[in-house]
Amino acid sequence: MNTPQTAVIALGSNLDNPAEKVQAALQAIDTHPQIAVQRISSLYRTAPVGYAEQPDFINAVCLIDTTLSAQALLAALHDIEAAFGRERSFRNAPRTLDLDIIDYAHCRHSSDALTLPHPRAHERSFVMLPLAEIAPDYALGSYGTAAGLAERLGGSGIDLFSPPI
């Protein structure tokens, strides 16, 4: 693939200096030869979802252009997670780094490894608020725009942690 495609990546961490982990992960993403970070949200402190007995998360979203396919992008993100010590012990477990593809070129895709757009992103303020900050008109499938979804979800459990990087 030679034509760059736009994708939305959500980042999260709640272990081992999570703000530093998210910022370092953004740098790792941007240094990949086939990825160019275009916009980065502020960092947000977020209460955990699902498994609540863990520290708060630091979350952010970035908008990228990439010449990688969606599957190759997912593999690259998994490599970055592994480099940061990510362990997949159980669903919603504490983690050093979590990188999710929220959308890839507005494509629909479903496989065991990857569903696009992300199947729960439209329900998560910690994704929609940062995305609305950097791309309010970004449409997420048939769910609506980032700004519209963020407004409907509200900001309960989320606090601005830092201004844009």
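Preceding this section is the structure that the text describes.
Residues numbered from 1 in each chain as written. Predicted model: local features only at pLDDT ≥ 70, side-chain atom pairs only at ≥ 80, totals over all residues. Heavy atoms only, no water.

S.K.: I would appreciate a short explanation of the pairing of strand β1 (residues 5-13) in the present structure.
M.R.: In summary, the side chains of a regular strand alternate between the two faces of the sheet. Counting buried residues along β1, seven of its nine residues qualify, which places the element largely inside the surrounding structure. Of the strand pairs in this sheet, β1 and strand β4 (residues 57-66) are connected by nine bridges, and their pairing is antiparallel. Within β4, the position partnered with L11 by the bridge is A60. (Buried < 20%, exposed > 50% of the residue type's maximum accessible area, 1.4 Å probe, protein only. Helix = DSSP H or I, 4+ residues; strand = E, 2+ residues; numbered from the N terminus. Pairing = 2+ DSSP bridges.)

S.K.: What is the right way to read helix α3 (residues 125-134) from this model?
M.R.: Helical geometry note: an α-helix holds 3.6 residues per turn, so side chains three or four residues apart project in the same direction. Among the 10 residues that make up α3, eight are buried, leaving the element largely enclosed by the rest of the structure. For α3, every residue scored as buried is listed here: S125, F126, V127, M128, P130, L131, A132 and I134.

S.K.: Help me understand the packing of α3 against helix α4 (residues 146-153) in this model?
M.R.: Packing of α3 against α4 leaves a shortest axis separation of 8 Å and a crossing angle of 135°. Classified by the interaxial angle, the pair formed by α3 and α4 is oblique. Pair α3 / α4 crosses with left-handed handedness. Contacts between α3 and α4 involve S125, M128, L129, L131 and A132 from the former and A146, A147, L149, A150 and L153 from the latter. (Axes fitted to C-alpha atoms, helices over the stretch in contact; angles between N-to-C directions. Parallel < 35°, antiparallel > 145°, perpendicular 65-115°, else oblique. Left-handed = near helix turned anticlockwise from the far one by under 90°. Contact = heavy atoms within 4.5 Å.)

S.K.: How do you make sense of the side chain of T46 when you look at a structure like this?
M.R.: Among the structural elements, T46 can be located in strand β3 (residues 43-46). Judged by its relative accessible area of 5%, T46 falls in the buried class. Polar side-chain contacts of T46 include one of 3.0 Å to the side chain of N59. Residues in contact with T46, not counting those within four places in the same chain, are D56, F57, N59, F126, G157 and I158. (Polar contact = N/O pair within 3.5 Å; in protein donor to acceptor, adjacent residues only side chain to side chain.)

S.K.: Help me understand the nonpolar core, please; the structure alone is not making it clear to me.
M.R.: Core analysis: the biggest nonpolar cluster contains 28 residues, and I9, L11, I29, I64, L73, L99 and I101 have the highest contact counts within it. Going through the elements one at a time, β1, α1 (18-31), β2 (35-40), β4, α2 (70-83) and β5 (98-104) are the ones with two or more residues in this core. It is α2 that contributes the most residues to this core, six residues altogether. The contacts of I9, once residues within four sequence positions are left out, are I29, A60, V61, C62, I64, L73, L77, D100, I101 and I102. Counting 20 residues, the second largest nonpolar core, distinct from the first, contains Y44, L131, A135 and Y138. (Core = buried A, V, L, I, M, F, W, Y, C linked by side-chain atoms within 4.5 Å.)

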